[in-house]
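Geometric and topological summary
Okay, here's what each chain looks like letter by letter:
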Amino acid sequence: MDHEISVQHNRLTLLVVARTGPGGDWHRGEWKDGVMHGPGIYYYASKGQLFTGTWVKGVAKCGTMVDCDRDIAPEPPLFEIPACHLRDADKVLSEAAAAAVES
């Protein structure tokens, strides 16, 4: 079901039209043949985490995950997501996304 959702992340409020799923999870992004396919954002409501990345045929292939609502999530992960220390993380992600879409 599609809904308009307001989400706060890093002091920014995003107003998005999203497809909601179980437990308040939502996805905003591209779909193909009824499944997530291409770039998008997925919010895991129960864990308070936001994944931004690329999906192929409904499977997340590459992207970044950040903690954004851990303090109010009903089932937050035990540990926070560690910082990424790649020299050029954006380049790695863009190459991985391109390779995933080509496959």
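Residues numbered from 1 in each chain as written. Predicted model: local features only at pLDDT ≥ 70, side-chain atom pairs only at ≥ 80, totals over all residues. Heavy atoms only, no water.

Moving on: the pattern of salt bridges. Applying the stated criterion to the full structure yields two salt bridges. Arg-70 is paired through a salt bridge with Asp-67; the nearest N and O atoms lie 3.7 Å apart. In this structure Arg-70 comes out as partly exposed when scored by relative accessible area, which is 21%. Glu-95 is the partner of Lys-91 in a salt bridge, and the nearest nitrogen-oxygen pair spans 4.0 Å. Pair noted here: Lys-91 and Glu-95 are both in helix α1 (residues 89-102), with a separation of four residues, about one helical turn. A relative accessible area of 46% places Glu-95 in the partly exposed class. (Salt bridge = Lys/Arg side-chain N within 4 Å of Asp/Glu carboxyl O. Buried < 20%, exposed > 50% of the residue type's maximum accessible area, 1.4 Å probe, protein only. Helix = DSSP H or I, 4+ residues; strand = E, 2+ residues; numbered from the N terminus.)

Put simply, the protein chain has an average pLDDT of 81, and 81% of its residues get 70 or more. Long-range and interchain partners of residues 12-17, a stretch whose pLDDT sits below 50, account for 18 contacts in this model, where long-range means more than four residues apart. (pLDDT = per-residue confidence, 0-100. Contact = heavy atoms within 4.5 Å.)

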